[in-house]
Amino acid sequence: MEQIKKYFQFSGTISGSTYFLRNAVATVLGFFAGYGMGYSFAVGEMGLLTVFLLLFTPILYFQLTTIYKRILSLFPDNPRLYTGVLVSLQIIMTSMHQDNPVRSILTLILLVFGGILIFKNSNIEHHEG
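Residues numbered from 1 in each chain as written. Predicted model: local features only at pLDDT ≥ 70, side-chain atom pairs only at ≥ 80, totals over all residues. Heavy atoms only, no water.

**Thoughts on a nonpolar patch on the surface**
For step 1, the next point in the chain: On the surface, a cluster of nonpolar side chains totalling about 910 Å² of accessible area is made up of V28, F31, F32, Y35, Y39, V43, L48, V51 and L55.
For step 2, the next point in the chain: Those elements that provide at least two residues to the nonpolar patch are α2 (16-43) and α3 (46-74).
For step 3, the next point in the chain: The biggest single contributor to the nonpolar patch is α2, with 6 residues.
For step 4, the next point in the chain: Topologically, L55 is positioned in helix α3. (Patch = residues over 30% accessible without salt bridge, like charges linked within 9 Å, V, L, I, M, F, W, Y side chains within 5 Å. Areas by Shrake-Rupley, 256 points an atom, 1.4 Å probe, with all protein chains shown as cover. Salt bridge = Lys/Arg side-chain N within 4 Å of Asp/Glu carboxyl O. Helix = DSSP H or I, 4+ residues; strand = E, 2+ residues; numbered from the N terminus.)

**Structural notes on the packing of α3 against helix α5 (residues 101-119)**
For step 1, the next point in the chain: Two elements in contact, α3 and α5, have axes separated by 10 Å at closest approach and are oriented at 70°. One way to sum up the angle between α3 and α5 is to call them roughly perpendicular. Mapping the contact onto sequence places R70, I71 and L74 in α3 and F113, I116, L117 and I118 in α5.
For step 2, the next point in the chain: Residue classes in the contact of α3 with α5 are distributed as 6 nonpolar, no polar and 1 charged. (Axes fitted to C-alpha atoms, helices over the stretch in contact; angles between N-to-C directions. Parallel < 35°, antiparallel > 145°, perpendicular 65-115°, else oblique. Contact = heavy atoms within 4.5 Å. Nonpolar A, V, L, I, M, F, W, Y, C, P; charged D, E, K, R; others polar.)

**Some words on helix α4 (residues 79-95)**
For step 1, the next point in the chain: Taking 1.5 Å as the rise per residue, α4 with 17 residues should run 24 Å; its terminal C-alpha atoms sit 24 Å apart, in good agreement.
For step 2, the next point in the chain: Three or more residues of α4 are buried, namely P79, T83, L86, V87 and M93. Down the axis of α4, the sector holding all buried residues measures 125°, keeping them to one side. Facing away from the buried surface of α4 by more than 90 degrees, the exposed residues are R80, I91 and S95. (Expected span 1.5 Å × (residues − 1). Buried < 20%, exposed > 50% of the residue type's maximum accessible area, 1.4 Å probe, protein only. Arc of directions from axis to C-beta.)

**Things to note about α5**
For step 1, the next point in the chain: Counted at 1.5 Å a residue, the expected span for α5 with its 19 residues is 27 Å, and the 27 Å between its end C-alpha atoms agrees.
For step 2, the next point in the chain: Buried within α5 we find R103, L106, L110, G114 and L117. For α5, the buried positions fall inside an angular range of 75° around the axis, keeping them on one side. Exposed and facing more than 90 degrees away from the buried side of α5 are P101, I105, L108, L111 and F119.
For step 3, the next point in the chain: Packing partners of the buried residues in α5 comprise α2, α3 and α4.
For step 4, the next point in the chain: For α5, the N-terminal cap is N100; the gap from its side-chain oxygen to the backbone nitrogen of V102 is 3.1 Å. (Polar contact = N/O pair within 3.5 Å; in protein donor to acceptor, adjacent residues only side chain to side chain.)

**Concerning the packing of aromatic side chains**
For step 1, the next point in the chain: Summed over the entire model, instances satisfying the criterion amount to 4 aromatic pairs.
For step 2, the next point in the chain: Ring centres of F75 and F113 lie 6.5 Å apart, and the angle between their planes is 15°; on these two criteria the pair is classed as stacked. One end of the pair, F75, is in the loop between α3 and α4; the other, F113, is in helix α5, and 38 residues separate them in sequence.
For step 3, the next point in the chain: The class of F113 is partly exposed, set by a relative accessible area of 22%.
For step 4, the next point in the chain: The structure contains a cluster of three or more aromatic residues connected by ring pairs, namely F31, F32 and Y35. (Phe/Tyr/Trp six-rings, centres within 6.5 Å; stacked < 30°, edge-to-face > 60°.)

Honestly, that's just the spatial picture; any functional story needs more than this.
Encoded structure:
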């Protein structure tokens, strides 16, 4: 249980490749949970919607810890601020209409920042997270 617990804690750091793999896993799991929520909402099955919502919650938490751990390894001076800004920009961009020109700018900014999180080397030799 301790081995699994470390994946959901806001401590330790991760490498860029681990960040990429954790994001891929969270994206796939989040897609299936989101699809399940949409399907259960469409058929009016509120019990099933609750089940998928409960499954989505730890996936979202896992994603937040992944972002925080990678930012902690690259920018240890203020990781909470950077994580908050990154998550806020993602939420703002997602809530914008497709034709909004600001959305394109935010997409570019988030793409560059995502590339930094994946490809930039940290000063940490051995990541424990």
